[in-house]
Protein chains: 4
Amino acid sequence: MRYFVGELSTSVEAACRWRRRKEERPAEIVSAALEVFTDKGFALCKLDEVAKRAGISKGTLYLYFENKEALFKAVVNKFVLPQIEQAEEKAALHKGSKQVLLRELTEQWRLNILETGLSGIPKIMISEASNFPELATFYLENVIKRVRSFISQLITQGVAEGEFRQCDGELAARAFLAPLVFAAIWEHSLAPFDDDYDRNAYINTQLDIFIHGIMKGKQE
Amino acid sequence: MRYFVGELSTSVEAACRWRRRKEERPAEIVSAALEVFTDKGFALCKLDEVAKRAGISKGTLYLYFENKEALFKAVVNKFVLPQIEQAEEKAALHKGSKQVLLRELTEQWRLNILETGLSGIPKIMISEASNFPELATFYLENVIKRVRSFISQLITQGVAEGEFRQCDGELAARAFLAPLVFAAIWEHSLAPFDDDYDRNAYINTQLDIFIHGIMKGKQE
Amino acid sequence: MRYFVGELSTSVEAACRWRRRKEERPAEIVSAALEVFTDKGFALCKLDEVAKRAGISKGTLYLYFENKEALFKAVVNKFVLPQIEQAEEKAALHKGSKQVLLRELTEQWRLNILETGLSGIPKIMISEASNFPELATFYLENVIKRVRSFISQLITQGVAEGEFRQCDGELAARAFLAPLVFAAIWEHSLAPFDDDYDRNAYINTQLDIFIHGIMKGKQE
Amino acid sequence: MRYFVGELSTSVEAACRWRRRKEERPAEIVSAALEVFTDKGFALCKLDEVAKRAGISKGTLYLYFENKEALFKAVVNKFVLPQIEQAEEKAALHKGSKQVLLRELTEQWRLNILETGLSGIPKIMISEASNFPELATFYLENVIKRVRSFISQLITQGVAEGEFRQCDGELAARAFLAPLVFAAIWEHSLAPFDDDYDRNAYINTQLDIFIHGIMKGKQE
DNA sequence: TATGAATGAGACTTCATTCAT
DNA sequence: AATGAATGAAGTCTCATTCAT
């Protein structure tokens, strides 16, 4: 798998080795680490392999990251926050039907998360949360709750505007988000073995049912 | 965390070591292992700790399980299959509204999985699938597909009987199951840090929205 | 390989299990141990396997032998001393040509040692001498020196009687014995891989050359 | 015991740890391993001790050798083949009396093998052959048969040239070599306990008797 | 800055030995 | 007397981390 996140590439551009500058290194390392953490989990991610994929030596890792845990945190921080900002922005700018907005956010998730290596992040967080309480807290507060919060508002508004049925915004937000997160997790766990799995069909179905489930009028 | 699975308890009752209990040992060990695997994941689960929790010595583990991987497989096998059989039975015996059956199955999941340590199993499988392809395949075929299959049939019947909207049974089954699995995973990852999380409220909301989402008539 | 030493058999006569009496046990165990020590060496000889071959449980071993080392010593003691006595007797009774006696002793070695599992003993002693100094000393004093001593006398007499060339008895005895011992060692090390090896042809050649080498007259 | 093999010394000269010496390491490790394997055999050779004697840490061993078995093979390969080549060369260059050549080869064995730690190699092979069939085969084919082969030719030539009695070259070669190998084995097994043992006297006697034994004419 | 050889704590696993039954 | 479940010390091997170069 190759991840293109922003303008980063984890491939080692051997041709331009000499052009590598100090500023690019951390990003390359973190991208390489994302791959390995995602594939193997925290414990089985060997720094030897991260270094190899980043095209550097193991020792060099320690010039940029204090230890394995710091690298792990960097991975989470680096890739997650920009996504949230983007989503919040989109929501803030949106006018009109909330249903449409939910569809758009779902689409964004599909494009930016599921179809890139970023879906590995939720998988790691789930797997490692109990081993990294501090990180888990950080992630919960700064990622999950933030997203949940504006989804909640959005739904509450939808209810107020008569678009959605009466319901608790927080809980409905959870119900909206859980399947999205699940899709990301699935991608990096059992999907590779699940031949029948069709990411898009699944996402569409979930979204459809959710929308049907909270819309006020009948849509048949 | 304490798990009560059937009548097993992982607490160490034996004041005296050197008690011969060939019969009970495997069950005790597997229960202890479930706890540790669930908390720590495969790699960080130390057999020392499993042994301690099972009230035996490390060496004794190897009288019953060839190695760590075998123990892991035993954990998965032991706790999962009975649950499926129970669910299949319930579905087979059920007559009448499919909606009611889905509610009952959800309730069963809540009681037997979420409120026991068994919710740890999906968490382990998600975390370790890529490291244990063989086990992943087994789990997918013998657990997930089996469940998905009868849920799919059930929904298809519901559609045929005019209870549910027109929809693809397989995909709808995925949409029904994903939030349940997600709840189990959540339980063993971020829920401990997520103070607002109310398991029952969440499950109920998801179920409600799902039912609304696939029911034919308006329920308002 | 099956060893028949005296009247012992290491095979487990399951049919007559009930007839096993306390007196027979040690012999059975020691015979089983000879096999395993010979095959695997001291360290890789697992008492589990010795017990299984002896048809008893591991615990029972400890009723008869204090520990692994004691068992090892028992093996050496049990099988070696009788052979020596037999050889000494033969030499004591012999009259006439020493050359003939050497041929007979060689033949006895071939029959009693090389063609039985007893050839394993020298192999073990060689392999384990440095790990068991006490046993090494015992073996050297009570086995090797005793044999060497009467061979030495025998050769010295041969010299005195004009049958053999002038030579040092001790050294000639070593020269006579070394190839015999070597044959035993070979049997349990590289012979199984040495397809061209023909035990009898080798022994005969060695003996021939030795006899030629110390005989006084020309034999051509 | 100290082994001087080529210019290597196993003594730890480096006062300071953390010296980078990729070049010398493998040789030092292998020399240290020769000592320990020779003393203790394969199973009782602790990598801890090898590391200590080589003046490195246990982990460093694994930078150079995949595992204990690989180290064992390296020991055998490293020390044995050069000796053979040397012997073959000597034989190839030799002109004139075969008897003299046999004496020279024996002398070379005494100097290069018996009086260095290399005599440990035959001891190890004998002790471990049955546990390392692959290595046993390698050793037999590439070491023993090679040596036996040119000794055999040499003797056959001696017979043809009328220097030696009529005899089978292969078998005579075995008869010539066995005592040499035996001497090596003895060195690392019972010789340390055998106070009367005089290596040189023994070797000379064996050689003398062998030469006498195959020479055509009478040498008295 | 970058390297990669070196380290050592710590994990899994084995097996001689013990002892309740 | 016999068993075999249980033990725990000890060994091999891994890998995050360090540091001389």
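Parameters and conventions
- Residues numbered from 1 in each chain as written.
- Chains lettered and ligands numbered in written order.
- Predicted model: local features only at pLDDT ≥ 70, side-chain atom pairs only at ≥ 80, totals over all residues.
- Heavy atoms only, no water.
- Core = buried A, V, L, I, M, F, W, Y, C linked by side-chain atoms within 4.5 Å.
- Buried < 20%, exposed > 50% of the residue type's maximum accessible area, 1.4 Å probe, protein only.
- Contact = heavy atoms within 4.5 Å.
- Near = heavy atom within 4 Å.
- Polar contact = N/O pair within 3.5 Å; in protein donor to acceptor, adjacent residues only side chain to side chain.
- Helix = DSSP H or I, 4+ residues; strand = E, 2+ residues; numbered from the N terminus.
- Nonpolar A, V, L, I, M, F, W, Y, C, P; charged D, E, K, R; others polar.
- Least-squares fit on C-alpha atoms with pLDDT ≥ 70 in both.
- Buried area = accessible area lost by both parts, 1.4 Å probe.
- Salt bridge = Lys/Arg side-chain N within 4 Å of Asp/Glu carboxyl O.

One recurring pattern in soluble globular proteins: nonpolar side chains tend to sit buried together. Counting 150 residues, the largest nonpolar core has Val50 and Ile151 of chain C as the members making the most contacts within it. Once you skip the residues sitting within four places of it in the chain, Val50 of chain C turns out to touch Ile29, Ala32, Ala33, Val36, Cys45, Leu61 and Leu71 of chain C. Grouped together as the second largest cluster of nonpolar side chains are 148 residues, Ile84, Leu154 and Tyr197 of chain A together with Phe210 of chain B included.

Among the 38 residues in the neighbourhood of DNA strand F, the closest are listed as Thr60 and Tyr64 of chain B, Thr60 and Tyr64 of chain C together with Trp18 of chain D. Within 4 Å of the protein, atoms of DNA strand F come from sugar and phosphate in 64% of cases. Between Gly59 of chain C and DNA strand F, the recorded distance is 3.2 Å, taken from a backbone N or O atom to a base nitrogen. Elements represented by at least two residues in the surface near DNA strand F include exactly helix 3 (58-64) of chain A, helix 3 (58-64) of chain B, helix 3 (58-64) of chain C together with helix 3 (58-64) of chain D. In terms of residue class, the surface near DNA strand F is built from 14 nonpolar, 8 polar and 16 charged.

Let's shift gears to the side chain of Thr205 of chain D. As for its position among the elements, Thr205 of chain D is in helix 9 (residues 199-214). Residues in contact with Thr205 of chain D, not counting those within four places in the same chain, are Leu171, Ala172 and Ala175 of chain C.

By a simple turn and slide, chain D fits onto chain C: the slide is 0.0 Å along the axis, the RMSD is 0.2 Å, and the turn is 179°. Both chain copies can therefore be described as sitting about a two-fold axis. Residue Gly213 of chain D, judged by its C-alpha, is the member of chain D lying nearest the rotation axis, at 1.8 Å.

This paragraph deals with the relation of the copies chain B and chain A. Aligned on chain A, chain B shows an RMSD of 0.2 Å; the corresponding rotation is 179° and the shift along the axis is 0.0 Å. Of all interface residues in chain B, 100% are interface residues in chain A too; the two copies therefore contact each other through one and the same surface.

This next bit is on the interface of chain D and chain C. In this assembly, 50 residues from chain D lie in contact with 50 residues from chain C. Both sides of the chain D and chain C interface together cover about 4400 Å² of buried area, and 67% of this is carbon and sulfur. For the chain D face of the interface with chain C, the top three residues by lost area are Ile126, Phe193 and Ile209 of chain D, together amounting to 14%. Put simply, chain D and chain C have 5 salt bridges between them. Between Asp194 of chain C and Arg174 of chain D there is a salt bridge, with the nearest N and O atoms lying 3.0 Å from each other. Counting only elements with at least two residues in the side of chain D that touches chain C, the list comes to helix 1 (25-44), helix 6 (120-128), helix 7 (133-160), helix 8 (169-187) and helix 9 of chain D.

Moving on, we get to the pattern of salt bridges. For the coordinates displayed, the defined rule picks out 74 salt bridges over all chains. Residue Asp48 of chain C is joined to Lys58 of chain C by a salt bridge in which the shortest nitrogen-to-oxygen separation is 3.7 Å. Within this pair, whereas Asp48 of chain C is found in helix 2 (residues 47-54), its partner Lys58 of chain C is found in helix 3, the two being separated by 10 residues in sequence. Judged by relative accessible area, which is 41%, Lys58 of chain C ranks as partly exposed. Residues Arg103 of chain D and Asp208 of chain D are paired through a salt bridge, measuring 3.7 Å at the closest nitrogen-oxygen approach. Taken as a pair, Arg103 of chain D in helix 5 (residues 98-114) and Asp208 of chain D in helix 9 lie far apart in primary sequence, 105 residues in all. The class of Arg103 of chain D is partly exposed, set by a relative accessible area of 33%. Sharing partners across several salt bridges, the network here consists of Glu35, Asp39, Lys40, Glu49 and Arg53 of chain A.

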